[in-house]
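Architecture at a glance
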Amino acid sequence: MQVSEARRFQQLRGHLSYLKLNDAAEALNRVLDQARTERMSLTAALERLLEIEVEATEARKLAARERFACLPEPWTLADFDFAAQPGVDEKLIRDLATLRFLDDASNVLFVGPPGVGKTMLSVALGRAAVDAGHRVYFTTAAELAAKCHKAALEGRWKTCMRFFAGPKLLIIDELGYLPLPEDGASALFQVINQRARMATA
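Residues numbered from 1 in each chain as written. Predicted model: local features only at pLDDT ≥ 70, side-chain atom pairs only at ≥ 80, totals over all residues. Heavy atoms only, no water.

**Points about the pairing of strand 1 (residues 136–140)**
Strand 1 sits mainly inside the fold: five of its five residues count as buried. Alternating positions in strand 1 separate into two faces, V136, F138 and T140 on one and Y137 and T139 on the other, with burial throughout. Both strand 1 and strand 2 (residues 169–173) contribute to a ladder of five bridges, which runs parallel. The partner of T140 across the bridge, within strand 2, is D173. (Buried < 20%, exposed > 50% of the residue type's maximum accessible area, 1.4 Å probe, protein only. Helix = DSSP H or I, 4+ residues; strand = E, 2+ residues; numbered from the N terminus. Pairing = 2+ DSSP bridges.)

Put into structure tokens, the structure is as follows:
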């Protein structure tokens, strides 16, 4: 009986690994011990095992979205001091934090002098979107223009447009801070128009 159970255990681990449920395979021994000591039902033990795999998968997906987003800081809306910036409409910002504007494919534009928190608010909304499962990409206007210019020179214009049109939320920071060359400004507006066309398609 012991040999049979040992073989069954190894087969179960093998099945989990074959199905690429690696976190569940690694947790199998622990979950079986927990099931025995806590007298868990077979259903409860299986649910716990799969919950471990789902949590690990979601954590990997979140980490991938965070890497792709290129957010410059880990800011969230909780980090923003509304009392220090009375000109910022807190009610409006909290409404934006629901991310409803993504469903409507609406643009959000923060306007104001340097140092009032435009970048922080943009990053906080980006962070909320990443946490909600959306693809987000953060760039500056100058970086976007430079990438588009380089892509045009290398014959990768369409690929570049697809890249910038892909994320659910594209954050373009420092818009208007530095003058863009004519082709850079043209590229910026082509990206915006491409995203608008995709949103209405």
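The structure having been displayed, the exposition proceeds.
**Things to note about a nonpolar patch on the surface**
Taken together, the side chains of L109, V111 and L175 make up a nonpolar region of the molecular surface, amounting to roughly 340 Å² of accessible area. Topologically, V111 is positioned in the loop between helix 5 (100–103) and helix 6 (118–131). (Patch = residues over 30% accessible without salt bridge, like charges linked within 9 Å, V, L, I, M, F, W, Y side chains within 5 Å. Areas by Shrake-Rupley, 256 points an atom, 1.4 Å probe, with all protein chains shown as cover. Salt bridge = Lys/Arg side-chain N within 4 Å of Asp/Glu carboxyl O.)

**Things to note about the packing of aromatic side chains**
Tallying each qualifying case throughout the model produces six aromatic pairs. When the ring of F68 is compared with that of Y137, the centres are 5.6 Å apart and the planes differ by 55°; the resulting orientation is tilted. Of this pair, F68 sits in helix 3 (residues 42–69) while Y137 is found in strand 1, placing the two residues 69 residues apart along the sequence. Its relative accessible area of 22% is what places F68 among the partly exposed residues. Ring geometry for Y137 versus F163: centroids 5.0 Å apart, planes at 80°, classification edge-to-face. (Phe/Tyr/Trp six-rings, centres within 6.5 Å; stacked < 30°, edge-to-face > 60°.)

**Here's the deal with the environment of D81**
With respect to the secondary-structure elements, D81 resides in the loop between helix 3 and helix 4 (90–96). D81 gets classed as partly exposed once you look at its relative accessible area, which sits at 46%. Spatially, the C-alpha atoms of D81 and G117 are 9.0 Å apart, while their sequence positions differ by 36 residues. There is a polar contact of 3.1 Å between the side chain of D81 and the backbone nitrogen of A83. (Polar contact = N/O pair within 3.5 Å; in protein donor to acceptor, adjacent residues only side chain to side chain.)

**Description of helix 7 (residues 141–153)**
The terminal C-alpha atoms of helix 7 lie 18 Å apart, and with 13 residues this matches the ideal 18 Å at 1.5 Å per residue to within 8%. All of the buried residues in helix 7 are A141, L144, A145, C148 and A151. Down the axis, helix 7 shows its buried residues gathered within 130° of arc, on one side only. Phi turns positive, to about 75°, at G155, one or two residues after helix 7. (Expected span 1.5 Å × (residues − 1). Arc of directions from axis to C-beta.)

**Concerning the confidence of the model for the protein chain**
Considering every residue of the protein chain, the mean pLDDT works out to 89; 89% of them sit at 70 or more. No element of the protein chain has a lower mean pLDDT than helix 9 (residues 182–200), which averages 65, and none a higher one than helix 6, which averages 97. (pLDDT = per-residue confidence, 0-100.)

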